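Residue strings, one per chain:
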Amino acid sequence: MELEGRGAGGVAGGPAAGPGRSPGESTLLDGWLQRGVGRGAGSGEAGACRPPVRQDPDSGPDYEALPAGATVTTHMVAGAVAGILEHCVMYPIDCVKTRMQSLQPDPAARYRNVLEALWRIIRTEGLWRPMRGLNVTATGAGPAHALYFACYEKLKKTLSDVIHPGGNSHIANGAAGCVATLLHDAAMNPAEVVKQRMQMYNSPYHRVTDCVRAVWQNEGAGAFYRSYTTQLTMNVPFQAIHFMTYEFLQEHFNPQRRYNPSSHVLSGACAGAVAAAATTPLDVCKTLLNTQESLALNSNITGHITGMASAFRTVYQVGGVTAYFRGVQARVIYQIPSTAIAWSVYEFFKYLITKRQEEWRAGK
């Protein structure tokens, strides 16, 4: 390490080579002074010349390490808060996505882009129209994300210890995300059915209870899980891509695995965008199964569209190959901030709750 203020001729405060001193003498003196600087405080004046330790400018903010021993309860609480906040903040864009995925929308509900759609919905249907169904979404998102993150964290650690002891395994991350999705979708699917029916243009439902009652009476309890297999078929690869991408980016942006908000936001946003774009065709089919659009039903001889094969066939019959990518712009725009919010909020609350628990134990 160089000393502060060192010039070309030698050590700071030391004699430089000049007319009365040969370069060889200057070099010997410089070496003697440098050895003196490296001694302890008891080494005389040379010890007093110890330079201040300079911090590496590339080291970044000194965030504290993420808690390694967070409990299942901590993961569930942090996950529930993250899920509710994520869905509430992004709900208007989710409403637009649902409408843009419609196979044969009403002429008044044909939109060019996300911003134009949101503006027209507010202008023609009221300020709060994009928020209709938010309450049922928040109710489902809490327990769904609590199970989701708790299961993921537990399985990720267990599988990583088996596959790659002491390290991070992408296979373990993907597998843990897939299993966590089974629990998440089981809790969230009924809320998704109600939410999307309330989001559709000219929806007859103004209250959640009205929608639930109508679906139950007209289609039976199975209607709330009609899209479950398709939802899993979409979300299992989505979450596998999502978690593997997130953990891969964390290895590059945050290799020490410290609490670093910017790395969580960036990794979450990129992971969400990649996973959303790759699974858009499956999301279109899921929306069709949930909403049971009247035009699509007219083209289906059974009266109801059930199962992924039927949904894929119907989407192609109504709109061709391009129909599989309806709403891809809205889906990616939705997922980028959505996953960024989810991961940053989750990591923050996991860190905060665990830190408070450790402080409480230390003070006992």
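Cut-offs and rules
- Numbering of residues begins from 1 in every chain and follows the order in which that chain's sequence is written.
- Thresholds applied to this predicted model are a pLDDT of at least 70 for local features of residues and 80 or more for the giving and counting of side-chain atom pairs; totals over whole chains, interfaces and linings are not thresholded and use all residues.
- Processing note: side-chain calculations cover all non-hydrogen atoms of the structure and skip hydrogens and water entirely.
- With axes taken as lines fitted to C-alpha atoms, and helix axes fitted only over the stretch in contact, angles between N-to-C directions fall between 0 and 180 degrees.
- Only DSSP runs of H or I covering at least 4 residues are called helices, and only runs of E covering at least 2 are called strands; the numbering of each starts at the N terminus.
- An angle below 35 degrees is treated as roughly parallel, one above 145 as roughly antiparallel, one from 65 to 115 as roughly perpendicular, and anything else as oblique.
- By convention the crossing between two helices is left-handed if the near helix lies anticlockwise of the far one by an angle smaller than a right angle, and right-handed if it lies clockwise.
- Gly falls in the polar group here, along with every residue not listed as nonpolar (Ala, Val, Leu, Ile, Met, Phe, Trp, Tyr, Cys, Pro) or charged (Asp, Glu, Lys, Arg).
- Here the term cavity refers to a set of points on a 1 Å grid, laid over the protein atoms alone, in which a 1.4 Å probe fits but cannot get out; the term pocket refers to an open set having protein on both sides within 12 Å along at least five of seven lines, with lining residues being those that place an atom within 4 Å of a point.
- Grid points are joined across faces, edges and corners, and a volume is the space filled by probe spheres set on the points.
- Grouping buried Ala, Val, Leu, Ile, Met, Phe, Trp, Tyr and Cys residues that are joined through side-chain atoms within 4.5 Å yields what is termed a nonpolar core.
- Categorising residues by exposure relies on relative accessible area from a 1.4 Å probe, with only protein chains included: less than 20% of the type maximum marks a residue as buried, more than 50% marks it as exposed, and the intermediate range marks it as partly exposed.
- Working rule for contacts: check all heavy atoms of both residues, and any pair within 4.5 Å makes them a contact.
- Note on ring pairs: Phe, Tyr and Trp rings are taken, using the six-membered ring of Trp, and paired if centres are within 6.5 Å. Classes follow the plane angle, with under 30 degrees stacked, over 60 edge-to-face and the rest tilted.
- A patch is a set of surface residues, each over 30% in relative accessible area and not in a salt bridge, joined within 9 Å for like charges and within 5 Å for the nonpolar side chains Val, Leu, Ile, Met, Phe, Trp and Tyr.
- Computed with the Shrake-Rupley method and a 1.4 Å probe, the accessible areas treat only the protein chains shown as cover for residues.
- For salt bridges, the criterion is a side-chain nitrogen of Lys or Arg within 4 Å of an Asp or Glu carboxyl oxygen.
- pLDDT measures the predictor's confidence residue by residue and takes values from 0 up to 100.

Participant: Is there a simple way to explain the packing of helix 6 (residues 134-163) against helix 7 (residues 170-199) in this structure?
Facilitator: Between two packed helices, both the angle of their axes relative to each other and the distance between the axes serve to describe the pair. Close contact between helix 6 and helix 7 brings their axes to 7 Å; oriented N to C, the two are set at 170°. Relative to helix 7, the element helix 6 is oriented roughly antiparallel. Remark: the crossing between helix 6 and helix 7 carries right-handed chirality. Residue composition of the contact of helix 6 with helix 7, by class: 21 nonpolar, seven polar and two charged.

Participant: Sorry if this is basic, but what is going on with empty space enclosed by the protein here?
Facilitator: With a probe scaled to a water molecule rolled over the atoms, the places where space remains empty come into view. Taken as a whole and assessed by the stated rule, the structure comprises one cavity of 30 Å³ or more. Of all the elements in the fold, those that place two or more residues in the lining of the largest cavity are helix 3 (72-89), helix 4 (91-100), helix 6, helix 7, helix 9 (228-253), helix 11 (280-291) and helix 14 (328-363). Residue classes in the lining of the largest cavity are distributed as nine nonpolar, 11 polar and nine charged.

Participant: How do you make sense of the nonpolar core when you look at a structure like this?
Facilitator: Generally speaking, nonpolar side chains in soluble globular proteins are found buried as a group. If you look at the biggest cluster of nonpolar residues, it comprises 27 residues, and the most contacted ones within it are Val96 and Trp343. Elements with a contribution of two residues or more to this core: helix 3, helix 4, helix 5 (114-125), helix 6, helix 7, helix 9 and helix 14. The element contributing the most residues to this core is helix 14, with six residues. Excluding residues that lie within four positions of it along the chain, Val96 makes contacts with Val114, Ala117, Leu118 and Ile121.

Participant: Help me out: how do you make sense of the packing of aromatic side chains in this one?
Facilitator: Going through the model one piece at a time under the given rule, you end up with 15 aromatic pairs. Ring centres of Phe149 and Trp343 lie 5.5 Å apart, and the angle between their planes is 85°; this geometry places the pair in the edge-to-face category. Residue Phe149 is located in helix 6, and its partner Trp343 is located in helix 14; the two are separated by 194 residues in the primary sequence. Across this residue pair, the class does not change: Phe149 and Trp343 are buried. Arranged with centres 5.7 Å apart and planes meeting at 90°, the rings of Phe243 and Trp343 form a pair that is edge-to-face.

Participant: When you look at unusual backbone geometry in this model, what are you seeing that I'm missing?
Facilitator: Phi is mostly negative for residues that are not glycine, and the peptide bonds are mostly trans. We note that Asn202 has phi near 60°; this positive angle belongs to a residue other than glycine. Counting through the fold element by element, Asn202 comes out in the loop between helix 7 and helix 8 (208-219). Unlike most non-glycine residues, Arg257 shows phi in positive territory, near 55°. Its location among the elements puts Arg257 in the loop between helix 9 and helix 10 (261-278). Classification of Arg257 by relative accessible area gives partly exposed; the value is 26%.

Participant: Is there a simple way to think about the environment of His170 in this case?
Facilitator: Along the chain, the position of His170 falls in helix 7. Under the relative-accessibility criterion, His170 is labelled partly exposed at 27%. Taking C-alpha positions, His170 is 9.4 Å from Lys156, a pair spaced 14 residues apart along the chain. In this structure His170 touches Met244, Phe248 and Glu251, once residues within four positions along its chain are discounted.

Participant: Help me understand a nonpolar patch on the surface in this model?
Facilitator: Judged by side-chain polarity, Val72, Met76, Leu147 and Leu183 come together as a nonpolar surface patch covering roughly 300 Å² of accessible area. Mapping Val72 onto the fold places it in helix 3.

Participant: Teacher, can you tell me more about the confidence of the model for the protein here?
Facilitator: Close reading of the predicted structure is inappropriate where its pLDDT is low. For the protein, mean pLDDT is 81; residues scoring 70 or higher make up 78% of the total. For the protein, per-element mean pLDDT is lowest for helix 2 (residues 45-48), which scores 41, and highest for helix 3, which scores 95. In this model, residues 1-19 is a region of pLDDT below 50 whose contacts with residues beyond four sequence positions or in other chains number 31 contacts. Scored below 50 in pLDDT, residues 31-64 shows 33 contacts in the model against residues more than four places distant or in partner chains.

Participant: How do you make sense of the packing of helix 7 against helix 11 when you look at a structure like this?
Facilitator: The interhelical angle for the contact between helix 7 and helix 11, taken along N-to-C directions, is 80°, at an axis separation of 9 Å. What the angle tells us is that helix 7 and helix 11 run roughly perpendicular. Here Glu192, Val193, Gln196 and Arg197 of helix 7 lie close against helix 11, whose contacting residues are Lys286, Thr287, Asn290 and Thr291. Residue classes in the contact of helix 7 with helix 11 are distributed as one nonpolar, four polar and three charged.

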